[in-house]
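The lines below spell out each chain.
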Amino acid sequence: MTEPIVVHLLGLLSAARRRTLVVALLWALPALCVVSFAVWQSGSMVMLGAALAIVIACAVLARRRLKPLDRRWLVRQLNARIPAADDSLDLLLFAPEQSGPLVRLQQQRLRERLREAPLPDLRPAYPWSRLALAWLSAAIACGLLLWQPWHGHSLPVVANEAGDGAAGIARGSFEARLRIEPPPYTGLRASDDTSPEVRLPEGSRLQWTLRFGSQPTAVSLQFHDGSSLVLQRKAEGWIGERRVEASTLYRVVAVGAGIDEQRLYRLDVIPDRAPEIVVRAPQQTLNELSPDQSQWSLSFEARDDYGLAMAELSISLAQGSGEQIEVREQKRVLEGSGGARERRYQQTLDLQALGFAQGDDLIVRLSVGDNREPEPNVSRSASFILRWPAEASEQGEGLQGVAQKTMPAYFRSQRQIIIDTEALIAQKPGLDESEFEKRADAIGIDQKMLRLRYGQFLGEESESPGHEAGNEAEHEDHAQAQRSAGSQADEVMREFGHTHDIAEAATLLDDQTKQLLRRALAAMWAAEGQLRMGQLQAALPHEHEALEAIKQVQQATRIYLARMGLDLPAVDPARRLTGDRTGLSDPQPIALGDDVADAAPLVEAWRALDSGALPEIRTLREWLDAHPQPGDRVLALLRSADELRRSPACVECRERFKAQLWPLLPMPRAALRARSAPDAEAQAYERGLRGARP
């Protein structure tokens, strides 16, 4: 029978073993909790295997920690901590029952001493600080897993219908997981979304993983542009991927799955915007050289949504006058300061080193590109001019007016328009259609601005920027240049003469010069129309004709500014207030196209919405395919039509559909009514005007 003191000593050993086991579990539980949370988030067999591996590792670790804790370990610990034991406690735990008298005597002494001496606590202490750090790390890891959805997260049902399905998915419904991989140049990380409708950067690769409550025999995605993507069946589900360049709508067609195959899902593409350029110095487009100025300081700022790349400064030096104009151009690559998405560029030009002299124009323009692939977006700033002031003109003697030089310096830019047109024609094979039309339209805007400047010298009224309201966002640089040109034109008019609203009454130019300028304006007008339509070959003859007329004007030496008032045509008193319209005619009405008949599907759809019925979506879609619309207008309209089809009683859906359909409706013709016959009083008044008696 075991002695009580021995039982008590063995109890110390058991307590130490239990404490060691608890500490080992406390060390292993944080990692086990993180893996278990990941298993719950993903449902992946890999994570489940990792959890089992951690459990096995915990068991092995506990066994290794408990193996050294035996009776020999107990004897060593007690002998070291109890001096009264005389290093002989092994006689109590290991001595045989039939021992010698000396052994029994020592055992008796040990029993008496152990009853009086306190026994030590052999349990290991808890490492609270290190355990707290481990549990805190586990909590942070679980929070990150909860904040960032796991790649294999169980997916929500996106189409609910009654019925039970396999693997927790209702029959007639499906689960979707979309993997978005942005282009590498954006620097964005791949992400996952559990909705079939996502927003993604332009050019991203999108991967669909679909699972169905009822297993289909074939699955495909049908896009609104007519293309399709066939999904392949794998262990994870039905998988397919596609590169998305523009916003689109698509349907999920699953044969035998029983889902709603007419429902539309939308993919919104976030376009890669071109860099934005802000000019800090100079403050205005046209600058005159100040006295003792030897340098020209330039400062630009640029920012982009993903990252900036090349920055190039174009420097053009125009020298000479008349037919002896020479243009030299050079380019400098600028290294900006700042981050990848926002940089500041500063450059100081040495005017003497560039050969800038009296009568010259120095023109600079900044071009900045981004990292877009395969072709970068490039933005260009407005052109900034540094002009050497012209010599002051002399006043004529014996004249009743003022003699001035023929043309301001900027009238020679018609030659630059021809150069730009010929350069764009040469570059046309390497440009896509949209870029070519954009650059041709920009040259047309330059031609218009030059035409307006010449027109002011014939007394024409200048056009307001509102005429180009449709191109405000596209020609922001030209708007700024036009404002500078307006202020400059005012100074020229104050210098050269008076501004008048009637071309025939203008006193700025003589008759021969007026005819030449009218010829130049007519040619510029024709060239502008061809440029705005992208017909560069047809615009070149008109541009050369305008240049030829300008050259003839430049051959003159002086323009006489007569100091006289308006010379208005005389009023004929005999016809005043008589109603005589001899020689007068009403303008012909503008012929309207058959827009209403062409847009009959839109009109029918509007009438159906007004009457509470459902419009014919197929006919409407065919009309939209034949008449492309800018932006995402078609996607929004088709999406609203799909919402109304699914919920015919939804008043908000119907109003949204009407609001998106309204801008596409044709403008109705003006309802002109014939003038009513005059009454008796009006007839008497008319006879009185004609001198007839009532």
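Note that this is a predicted model, so its numbers are computed, not measured. (Residues numbered from 1 in each chain as written. Predicted model: local features only at pLDDT ≥ 70, side-chain atom pairs only at ≥ 80, totals over all residues. Heavy atoms only, no water.)

**Brief notes about the packing of aromatic side chains**
Think of a pair of aromatic rings as described by two things: how far the centres are apart, and how the planes are tilted against each other in angle. Applying the stated rule across the entire model yields nine aromatic pairs. Measuring from ring centre to ring centre gives 5.7 Å for F174 and F212, while their planes differ by 40°; the resulting arrangement is tilted. On the criterion of sequence distance, the pair formed by F174 in strand 1 (residues 174-181) and F212 in strand 4 (residues 204-212) is long-range, its members being 38 residues apart. Taking relative accessible area as the criterion, F174 reaches 1% and is therefore assigned buried. Residue class for F212 comes out buried when judged on its relative accessible area of 6%. With a centroid separation of 5.5 Å and 50° between ring planes, the pair formed by W606 and W662 is classed as tilted. (Phe/Tyr/Trp six-rings, centres within 6.5 Å; stacked < 30°, edge-to-face > 60°. Helix = DSSP H or I, 4+ residues; strand = E, 2+ residues; numbered from the N terminus. Buried < 20%, exposed > 50% of the residue type's maximum accessible area, 1.4 Å probe, protein only.)

**Re the side chain of N377**
Turning to its location among the elements, N377 is positioned in the loop between strand 18 (361-370) and strand 19 (378-380). Relative accessible area serves as the criterion here: at 15%, N377 is assigned to the buried category. Engagement of the side chain of N377 in a polar contact is seen with the backbone oxygen of D272, the distance being 2.9 Å. (Polar contact = N/O pair within 3.5 Å; in protein donor to acceptor, adjacent residues only side chain to side chain.)

**Concerning the sheet that holds strand 11 (residues 276-281)**
Spatially, 11-13-17-16 is the arrangement adopted by the four strands of the open sheet, whose pairing is antiparallel. Bordering the open sheet on either side are strand 11 and strand 16 (337-338), each of which pairs with just one other strand. Alignment of strand 13 (residues 295-303) against strand 17 (residues 342-350), held across nine bridges, turns out to be antiparallel. Bridged to E301 within strand 17 is R344. (Pairing = 2+ DSSP bridges.)

**So, the nonpolar core**
Counting 25 residues, the largest nonpolar core has W208, L210, F212, L221, Y250, V252 and L267 as the members making the most contacts within it. Sorting the residues of this core by element identifies strand 1, strand 3 (198-201), strand 4, strand 5 (218-223), strand 8 (238-244), strand 9 (248-255) and strand 10 (265-270) as the ones contributing at least two each. When residues no more than four places from it in sequence are discounted, the contact partners of W208 are R177, L178, L221, F223, L229, W238, I239, G240, E241, R242, Y250 and L267. Within the second largest apolar cluster, 24 residues are counted, among which are I315, Y345, L362 and V368. (Core = buried A, V, L, I, M, F, W, Y, C linked by side-chain atoms within 4.5 Å. Contact = heavy atoms within 4.5 Å.)

**Examining the sheet that holds strand 2 (residues 191-193)**
Strand order in this open sheet of five strands is 2-1-4-8-7, and the pairing throughout is antiparallel. On the outer flanks of this sheet lie strand 2 and strand 7 (232-233), each paired with one strand and no other. Pairing of strand 1 with strand 2 involves three bridges; the strand directions are antiparallel. When the sheet's bridge partners are listed, I180 is paired in strand 2 with S191.

**Description of the side chain of E543**
Within the secondary structure, E543 is located in helix 12 (residues 536-554). One buried charged residue, E543, remains without a salt bridge, the closest side chain of opposite sign being R415 at 11 Å. Filtering out sequence-adjacent residues up to four positions away, E543 remains in contact with Q414, I417, I418, T421, Q447, A527 and L531. (Lys, Arg positive; Asp, Glu negative; His and termini not counted. Salt bridge = Lys/Arg side-chain N within 4 Å of Asp/Glu carboxyl O.)

**Re the packing of helix 9 (residues 433-456) against helix 11 (residues 511-532)**
Between helix 9 and helix 11, the shortest axis-to-axis distance is 8 Å and the interhelical angle comes to 160°. Judged by the inter-axis angle, helix 9 sits roughly antiparallel to helix 11. Of the two elements, helix 9 crosses helix 11, and the hand of that crossing is left-handed. Residue-level inspection shows A440, D441, I443, G444, I445, Q447, K448, L450, R451, Y454 and G455 of helix 9 in contact with helix 11, the latter providing L517, L521, M524, W525, A527, E528, L531 and R532. Broken down by class, the residue content of the contact of helix 9 with helix 11 amounts to 11 nonpolar, three polar and five charged. (Axes fitted to C-alpha atoms, helices over the stretch in contact; angles between N-to-C directions. Parallel < 35°, antiparallel > 145°, perpendicular 65-115°, else oblique. Left-handed = near helix turned anticlockwise from the far one by under 90°. Nonpolar A, V, L, I, M, F, W, Y, C, P; charged D, E, K, R; others polar.)

**Some points on a negative patch on the surface**
A cluster of acidic residues, E375, D432, E433 and E437, forms a negative patch on the protein surface. The exposure class of E437 is partly exposed, given its relative accessible area of 41%. (Patch = residues over 30% accessible without salt bridge, like charges linked within 9 Å, V, L, I, M, F, W, Y side chains within 5 Å. Areas by Shrake-Rupley, 256 points an atom, 1.4 Å probe, with all protein chains shown as cover. Charge placed at Lys NZ, Arg CZ, Asp CG, Glu CD.)

**Concerning a nonpolar patch on the surface**
Together, L21, L25, L29 and W135 give the surface a local cluster of nonpolar side chains, amounting to about 320 Å² of exposed area. At three residues, helix 1 (residues 4-42) tops the list of elements feeding residues into the nonpolar patch. Mapped onto the elements of the fold, W135 is located in helix 6 (residues 128-147).

**A closer look at the environment of I270**
Within the element layout of this structure, I270 appears in strand 10. Among the residues examined, I270 registers a relative accessible area of 29% and is labelled partly exposed. Taking the C-alpha atoms as reference, I270 lies 5.9 Å from L200; in sequence the two are 70 residues apart. Not counting residues within four places of it along the chain, the set of residues in contact with I270 comprises R199, L200, P201 and E202.

**Some details on helix 16 (residues 633-646)**
With 14 residues, helix 16 should reach 20 Å at 1.5 Å per residue; the first-to-last C-alpha distance of 20 Å fits that figure. By the criterion of burial, helix 16 is predominantly enclosed, with 10 of the 14 residues buried. Taken as a whole, helix 16 has its buried residues at V634, L635, A636, L637, L638, R639, S640, A641, D642 and L644. Residues of helix 16 that are buried make contact with strand 9, strand 10, helix 14 (600-611), helix 15 (617-626) and helix 17 (651-661). (Expected span 1.5 Å × (residues − 1).)

**Some details on unusual backbone geometry**
The step from A281 to P282 runs through a cis peptide bond, and the omega angle for that step is 5°. Relative to the elements of secondary structure, P282 occurs in the loop between strand 11 and strand 12 (286-288). Along the chain, E373 connects to P374 via a cis peptide bond; the corresponding omega equals 5°. Relative to the helices and strands, P374 is located in the loop between strand 18 and strand 19.

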